[in-house]
Amino acid sequence: MKARWSLQRSGRGTVVSLIALLSVHAFAEQQTRNVLALYANARTLPANIEADHGLRAALADTQARHVEVYSEFLDVPRFSGPSYAHTVATFLGNKYAEHPPDVIFIGGSDALAFALVNRSLMFPTVPMVHAGVPTPFLKSLGKLPADVIGDPMEVDSLRTIELAFRLHPKATQLILVTGAGDFGKAWETRLRDEAPRFPSRATPHFFAKMPTETLRERLAALTGDAVVFTPGYFIDGDGHGTTPHDAATFVASIAAAPVYGPYATFIDTGVVGGYAPNFYEIAYQAGGYVNAVLDGADPASMSSTYSTPTALNIDWRQVERWGIEPNMIPKDAYIQFREPSLFEAHRVEVFTAAGVIVLQSALIISMFVERRRRHAAERLLETRGLELAHTSRVAIAGELTASIAHEINQPLGAILSNADTGELILESDADRRDDLRAIFADIRRDDLRASEVIRRLRTLLDNHQYERAPFQINDVVSDVSSILSVEARRRGMMLDIPRSSADATVVGDRIQITQVLINLVLNAMDAVCDLPEERRWVVVSTHVDGDRVTVEVLDRGNGIAPEHLPQLFDSFFTTKLKGMGLGLSIARTLVTTHGGRIWAENRTAGGAIFRVELPVLTSAQGAANSA
Amino acid sequence: MSGVPLIHVVDDDDSLRTSLLRLLREAGFDVQGYGSTGEFLLHPHGDRAGCLLLDIRLPGPSGLDLQSVLHEHGVRLPVVFLTAHGDVATSVRAMKAGAVDFLTKPVGREQLFDAVRRALDRDASDRNARHDSNQLHGRFAALSPRERLIFDRVVAGRLNKQIADELGVSERTVKAQRASMLLKLRVETVADLGRLADQLTRSRDP
């Protein structure tokens, strides 16, 4: 699951953190240690500001040294994708070369994923402390390097459900709405496990993976004795993608009963509220690890067994809507959207806001400058990418020399023998026109066969400009099949490319996508070529899911070493003796310019699986294009 | 005997195989084509003289695999390898395993015929040598156990008297059995016997 640092409270922390930012220079002459804080989302997100506040509070606990905190924000999801990540990682590596961090503080799942994947580009040996990363996401990463530590962020569903029943004393029915996919399944399992501990008067009803229409009817038909709990979902019961936030909005807008949820992001979607992680506390707790590392403790020896504290968020408008008795609400709840008290409680901030705006303007200007520089870097990468893509295709052709020679020499051999035979027949003086006719027909056929091989090769090798045109993904897959089948046979292995019934139109450069797939298949072939025969097996398959098409390249090799997974798509990363380590990095650039993504994982059954996902041209777009 | 030689062509590329068969047939050879090593092995070809034109890269077992299998089974057809993309390592391996030639496609007429002729020559001389050695083995097999004991000792340079002592028989008996042994082996002098013993030892090794 990818819960993000999320909108939680209004910007009380902004002032403090900005003042802290400005005042640190006063201590610069002291012996300074550097901490680079890397946040997943935007700079202005209250969760990030709270986390910054918590982290600085923890660092201030140790008076003996001065710690310089540098903060960076990936601004996911507004900016994302491998090429963006690569550019930012390179940029950060260069930017902080003069002030290398002693510890990197990671805020949020996306920041952790980014830091792990791009670690080689920015301070590979610096310990990392993560915070705000939910347990399921951490588990999905497998074992982290020993010097990457932090406490998992726990979500407290049981406490939220108990609260709901306290706030609604007449409720007896507990409706649990979960979706499909891994996230949905994990939540459903978890809730079923927790069911025995639900309040005794609650009768649970699992609305799991329910088709949207059914869900709509059932939720609308709820009566006063029901409360709804939902963690939201990424995939609904019809198989369509969404976000937990949007799912919560949907559920809350339909349900004829109050809705509760375990994430702070759900506040303002129409849910009443729930216990959600408290980012100040989380960052403060993680700050303790940062201190320990700065004190010289070995990160590998620190175990992270604590889970992080949660805080209760309540939407006051929902309290009024459902007639909840205000006295029942716990005193430590963060009440949101209670207009008058909010203003009263935050009067000081309102006055300082003007000052903040001035400071923010400065920040925004600097962000613009940074953004322009990043765009320039990306444009450079694009032009270089085109050259590299061609170089890489030439390299592929080099790798295929043996099979190309085979494919051309077979027909040439046949042509020569047929011509020799023809000569012998002419020397024999007998009138054997029919024999000669048959020979000429064969010569013509073999000649065409050889020129087809050359044509295919030339298409691949031409240093052509990037072309943007619609093409069928199956045509590309069958090109790959005809280019590589001889090579597969030469290596004595099985290349299984079943003609797929799933086809889709993709817009872009057909040659580049062909190249990406050839690259992946050749890699897969390399991965299995020294293995026993039953494992020398590579399968390419296509799947269409809504507006995305995915081509999978799957092998029965030894898989990818977990420590290599993060660097797999980096330039000059290779595990091969004679590889340049550019293939996958170029593949990623090409796929990204097509608005797609490429990733790799190990199969549980052994071997690796590489996936290329591309946007599909829908019929509406097609009509617009042709219009 | 083995009669007119037959040239076996094993190549999975239909049009290449057809063209080779056509050319060899036109040049007056008896030919037979196969699309895979398995097809060749399934096809009974008895002990007919001939040679094998073998593509290196074939679906399933390769040409090199076929060469070594045939060798293990005592099939002595000389092999000429054909390949569309010859690398040094493969050609060295093929030649070491006893191939007559290693041709890279496309192969010209003269080069092909030359290789085929050399392969057939080698087959013929192999067959002659085998024929001689078979006869030799046949003659040797006709010796009685006693005559073999005497054969071993004569070849080792012992005198009749020494042999008689060793075997505990009279010198006369040794002389008689020695004469019978020489007659069965169709040799007259001890020098001829030495040469024959040498041939026998060599032809026993593959």
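Residues numbered from 1 in each chain as written. Chains lettered and ligands numbered in written order. Predicted model: local features only at pLDDT ≥ 70, side-chain atom pairs only at ≥ 80, totals over all residues.

1. Considerations on the overall build of chain A
Assigned secondary structure in chain A consists of 19 helices and 19 strands. Nonlocal contacts in chain A, meaning residues at least 24 apart in sequence, comprise 75% of its contacts between residues at least 6 apart. (Helix = DSSP H or I, 4+ residues; strand = E, 2+ residues; numbered from the N terminus. Contact = placed C-beta atoms within 7 Å.)

2. Thoughts on the overall build of chain B
Looking only at helices and strands, chain B has 9 helices and 5 strands in total. Along chain B, from the amino end to the carboxyl end, the secondary structure elements read β-α-β-α-β-α-β-α-β-α-α-α-α-α. Relative to its 206 residues, chain B shows a buried fraction of 31%. Across chain B, contacts joining residues at least 24 apart in sequence account for 60% of those joining residues at least 6 apart. (Buried ≥ 20, exposed ≤ 12 C-beta atoms within 10 Å, placed from the backbone.)

3. Section: unusual backbone geometry
Cis geometry marks the peptide bond from lysine 105 of chain B to proline 106 of chain B, where omega comes out at -5 degrees. Its location among the elements puts proline 106 of chain B in the loop between β5 (101–104) and α5 (109–141). We note that lysine 209 of chain A has phi near 50 degrees; this positive angle belongs to a residue other than glycine. Following the sequence through the fold, lysine 209 of chain A ends up in the loop between β7 (203–208) and α8 (212–220).

4. Digging into the nonpolar core
All names here are of chain A. Counting residues in hydrophobic clusters, the biggest one holds 50 residues, and the most contacted among them are Ile104, Phe105, Ile106, Val129 and Val290. It is helix α10 (residues 279–294) that contributes the most residues to this core, 9 residues altogether. Sequence-distant contacts of valine 290, defined by excluding residues within four places in its chain, comprise Val35, Ala58, Leu59, Val103, Phe105 and Val129. (Core = buried A, V, L, I, M, F, W, Y, C linked by C-beta atoms within 7 Å.)

5. A closer look at the interface of chain A and chain B
Counting from both sides, the interface comprises 21 residues of chain A and, opposite them, 18 residues of chain B. With 16 residues, the single largest contributor to the side of chain A that touches chain B is helix α14 (residues 401–427) of chain A. For the side of chain A that touches chain B, the residue count by class is 8 nonpolar, 7 polar and 6 charged. (Nonpolar A, V, L, I, M, F, W, Y, C, P; charged D, E, K, R; others polar.)

6. What about the confidence of the model for chain B?
All names here are of chain B. When the pLDDT values of chain B are averaged, the result is 86; 96% of them are 70 or greater. When pLDDT is averaged over each helix and strand of chain B, the minimum, 77, is found for helix α9 (residues 190–204) and the maximum, 94, for strand β1 (residues 6–10). For this predicted complex, the interface confidence score (ipTM) comes to 0.73, while the overall pTM stands at 0.43. (pLDDT = per-residue confidence, 0-100.)

7. Some thoughts on the sheet that holds strand β1 (residues 32–39) of chain A
All names here are of chain A. The 5 strands lie next to each other as β2-β1-β3-β4-β5, forming an open sheet whose pairing is parallel. The outermost strands of the open sheet, each flanked by one partner alone, are β2 (66–73) and β5 (148–150). Mean inter-strand twist for the sheet, computed between neighbouring axes without regard to direction, equals 25 degrees. Where β1 lies against β2, 8 bridges are found, and the strand directions are parallel. Bridging from a neighbouring strand, leucine 36 pairs with tyrosine 70 of β2. Lying on the sheet, helix α4 (residues 109–117) is in contact with β1, β3 (103–107) and β4 (128–131); it crosses β3 at an angle near 140 degrees. In this fold α10 packs onto β1, β2, β3, β4 and β5, with an angle of close to 170 degrees to the strand it touches most, β4. (Pairing = 2+ DSSP bridges. Axes fitted to C-alpha atoms, helices over the stretch in contact; angles between N-to-C directions.)

8. Some words on the environment of alanine 414 of chain A
Examined against the element boundaries, alanine 414 of chain A turns out to sit in helix α14. When the C-alpha atoms of alanine 414 of chain A and isoleucine 443 of chain A are compared, they prove to be 7.5 Å apart, with 29 residues separating the residues in sequence. When residues no more than four places from it in sequence are discounted, the contact partners of alanine 414 of chain A are Asp442 and Asp446 of chain A together with Ser15, Leu16 and Ser19 of chain B.

9. What about the sheet that holds strand β4 (residues 79–83) of chain B?
Residues and elements named next belong to chain B. The strand order β2-β1-β3-β4-β5 describes an open sheet built from 5 strands, whose pairing is parallel. The sheet is open, and its two edges are formed by β2 (30–34) and β5, each paired on a single side. Neighbour-to-neighbour, the strand axes of this sheet turn through a mean angle of 20 degrees, independent of strand direction. Where strand β3 (residues 50–55) lies against β4, 4 bridges are found, and the strand directions are parallel. When the bridges of β4 are listed, aspartate 55 appears paired with leucine 82. Along the sheet face, helix α1 (residues 14–26) touches β1, β2 and β3 and points at about 170 degrees away from the line of β2. Helix-sheet contacts for helix α3 (residues 63–72) involve β1, β3 and β4, and the interaxial angle to β3 is about 150 degrees.

10. Thoughts on the packing of helix α7 (residues 160–167) of chain B against helix α8 (residues 171–185) of chain B
Residue and element names in this part refer to chain B. For the pair α7 and α8, interaxial distance at closest approach is 8 Å and the crossing angle is 110 degrees. The pairing of α7 with α8 is recorded here as roughly perpendicular in orientation. In contact with Asn160, Lys161, Ile163 and Ala164 of α7, α8 contributes Glu171, Val174, Lys175 and Arg178. Looking at side-chain class alone, the contact of α7 with α8 contains 3 nonpolar, 1 polar and 4 charged residues. (Parallel < 35°, antiparallel > 145°, perpendicular 65-115°, else oblique.)

11. Concerning the confidence of the model for chain A
All names here are of chain A. Mean pLDDT over chain A works out to 81, with 85% of the residues at or above the 70 mark. The low-confidence segment residues 1–29 (pLDDT under 50) makes 66 contacts with residues lying over four places distant or belonging to another chain. Across residues 623–627 the pLDDT falls below 50, and counting only partners more than four positions away or on other chains, this stretch makes 0 contacts in the model.

12. Considering helix α9 (residues 244–254) of chain A
Along α9 of chain A, the positions that sit buried rather than exposed are Pro244, Ala247, Ala248, Phe250, Val251 and Ala252 of chain A. The inward-facing, buried residues of α9 of chain A abut β6 (173–178), α8, β8 (226–229) and β9 (259–260) of chain A.

13. Some words on α3 of chain B
Along an α-helix, residues three or four positions apart point the same way, because every turn accommodates 3.6 residues. Residue and element names in this part refer to chain B. Buried within α3 are the following residues: Gly63, Leu64, Leu66 and Gln67. Buried residues along α3 cover an arc of 160 degrees about the axis, so they all sit on one side. As for α3, its buried residues are in contact with β1, α2 (37–42), β3, β4 and α4 (88–96). Of the residues flanking the end of α3, it is glycine 74, one or two places downstream, whose phi is positive at about 75 degrees. (Arc of directions from axis to C-beta.)

14. Some points on the pairing of strand β11 (residues 310–315) of chain A
Residue and element names in this part refer to chain A. Within β11, 5 of the 6 residues are buried, leaving the element largely enclosed by the surrounding structure. In the sheet, strand β10 (residues 273–277) pairs with β11 via 5 bridges, with the strands oriented antiparallel. Of the residues in β11, the one forming a bridge with tyrosine 275 is leucine 312. Where β11 and strand β12 (residues 334–336) come together, 3 bridges link them in parallel fashion. Across the sheet, the residue bridging to asparagine 313 is tyrosine 334, located in β12.

15. Structural notes on the packing of helix α17 (residues 510–528) of chain A against helix α18 (residues 583–593) of chain A
For any two helices packed against each other, one specifies the inter-axial angle together with the distance between the axes. Residue and element names in this part refer to chain A. Between α17 and α18, the shortest axis-to-axis distance is 10 Å and the interhelical angle comes to 145 degrees. Where α17 crosses over α18, the two elements pack in a sense that is left-handed. Where α17 approaches α18, its residues Gln512, Gln515, Val516, Asn519, Leu520 and Asn523 are matched on the opposing element by Gly583, Ala587, Leu590 and Val591. (Left-handed = near helix turned anticlockwise from the far one by under 90°.)

16. Observations concerning the environment of alanine 524 of chain A
Residues and elements named next belong to chain A. Residue position: alanine 524 is located in helix α17. Residue classification places alanine 524 among the buried residues on the basis of 25 C-beta atoms within 10 Å. Along the chain, alanine 524 and glycine 559 lie 35 residues apart, while their C-alpha atoms are 9.6 Å from each other. Setting aside residues no more than four positions away along its own chain, alanine 524 makes contact with Val538, Val553 and Asp555.

17. What about the environment of valine 116 of chain B?
All names here are of chain B. Secondary-structure assignment places valine 116 in helix α5. Owing to 23 C-beta atoms within 10 Å, valine 116 belongs among the buried residues under this scheme. Apart from residues lying up to four places away in sequence, valine 116 is in contact with Ile7, Cys51 and Val80.

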